[in-house]
Amino acid sequence: MAAGIALCGMAFWGFLKPQALKQWVKDTMAAQWGFWFAILVRVLLGVTLLVVAPTSKYPTALLVIGWIAIAAAVGVVLMGRENLRRFAQWFLDRFSTALTRVWLLFAFAFGGFLIYGVA
């Protein structure tokens, strides 16, 4: 449930201040710790979902999402720090404020799904 709450909070903040969120992502990816943070978030989300899935309302969905998160962590490791930073920069440069907000609505809905699924 904490992951869903954190995701909803971040999405809500980003919806209100999309430029601030984009700058935070750019700064995080530029920092040495940003690469490890990106991996850690994906691993923690994946493992958490795998652990709570059996007692959730949607065990299969949460298992699949958990494994996808872990696979994404492996993908980030294989991508490497510099390629991840360049990809994040490329991605953020192409998203207008309106499109960023649309993506954040999906993130908020996903966070809500996580909260509902494990509540």
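Shown above is the structure to which this text applies.
Presented here is a report on the structure given in the accompanying data block. (Residues numbered from 1 in each chain as written. Predicted model: local features only at pLDDT ≥ 70, side-chain atom pairs only at ≥ 80, totals over all residues. Heavy atoms only, no water.)

So, the nonpolar core
Link 1 in the chain: Counting eight residues, the largest nonpolar core consists of Met29, Phe35, Ala38, Ile39, Ala73, Val76, Leu84 and Ala88.
Link 2 in the chain: At the level of elements, helix H3 (32–52), helix H4 (59–79) and helix H5 (81–94) are the ones that each hand at least two residues to this core.
Link 3 in the chain: Counting residues per element, this core draws most heavily on H3, at three residues.
Link 4 in the chain: Those residues within four positions of Leu84 in sequence are excluded, and the remaining contacts are Met29, Phe35, Ala38, Val76 and Met79. (Core = buried A, V, L, I, M, F, W, Y, C linked by side-chain atoms within 4.5 Å. Buried < 20%, exposed > 50% of the residue type's maximum accessible area, 1.4 Å probe, protein only. Helix = DSSP H or I, 4+ residues; strand = E, 2+ residues; numbered from the N terminus. Contact = heavy atoms within 4.5 Å.)

Concerning the pattern of salt bridges
Link 1 in the chain: For the structure on display, the rule yields two salt bridges.
Link 2 in the chain: Between Asp93 and Lys26 there is a salt bridge whose closest N-O contact spans 3.5 Å. Taken together, the residues Asp93 in helix H5 and Lys26 in helix H2 (residues 18–30) connect sequence positions 67 residues apart.
Link 3 in the chain: For Lys26, a relative accessible area of 26% corresponds to the partly exposed category.
Link 4 in the chain: For Arg85, the salt bridge is made with Glu82, and the minimal N-O distance between the two is 2.5 Å. Of this pair, Arg85 and Glu82 both sit in helix H5, three residues apart, roughly one helical turn. (Salt bridge = Lys/Arg side-chain N within 4 Å of Asp/Glu carboxyl O.)

Some thoughts on H4
Link 1 in the chain: Between its first and last C-alpha atoms H4 spans 30 Å; for 21 residues at 1.5 Å apiece the expected length is 30 Å, and the two agree.
Link 2 in the chain: Taken as a whole, H4 has its buried residues at Leu62, Gly66, Ala69, Ala73 and Val76. What you see down the axis of H4 is that its buried residues fit within an arc of 80°, all on one side. Seen from the buried face of H4, the exposed residues on the opposite side, beyond 90 degrees, are Thr60, Trp67, Ile68 and Leu78.
Link 3 in the chain: Along its buried surface, H4 packs onto H3, H5 and helix H6 (97–118). (Expected span 1.5 Å × (residues − 1). Arc of directions from axis to C-beta.)

Considerations on the packing of aromatic side chains
Link 1 in the chain: Applying the stated criterion to the full structure yields 10 aromatic pairs.
Link 2 in the chain: Between Trp24 and Phe37 the ring centres are 6.1 Å apart and the planes differ by 85°, which places this aromatic pair in the edge-to-face class. Highlighted residues: Trp24 in helix H2 and Phe37 in helix H3, separated in sequence by 13 residues.
Link 3 in the chain: On the accessibility criterion, Trp24 (32% relative accessible area) is partly exposed.
Link 4 in the chain: Joined through ring pairs, the aromatic side chains of Phe87, Trp90, Phe91, Phe95, Trp103 and Phe106 make up one cluster.
Link 5 in the chain: Its end group placed over the ring of Tyr116, Lys57 keeps NZ or CZ at 4.0 Å from the ring centre. (Phe/Tyr/Trp six-rings, centres within 6.5 Å; stacked < 30°, edge-to-face > 60°. Lys NZ or Arg CZ within 6 Å of the ring centre and 35° of its normal.)

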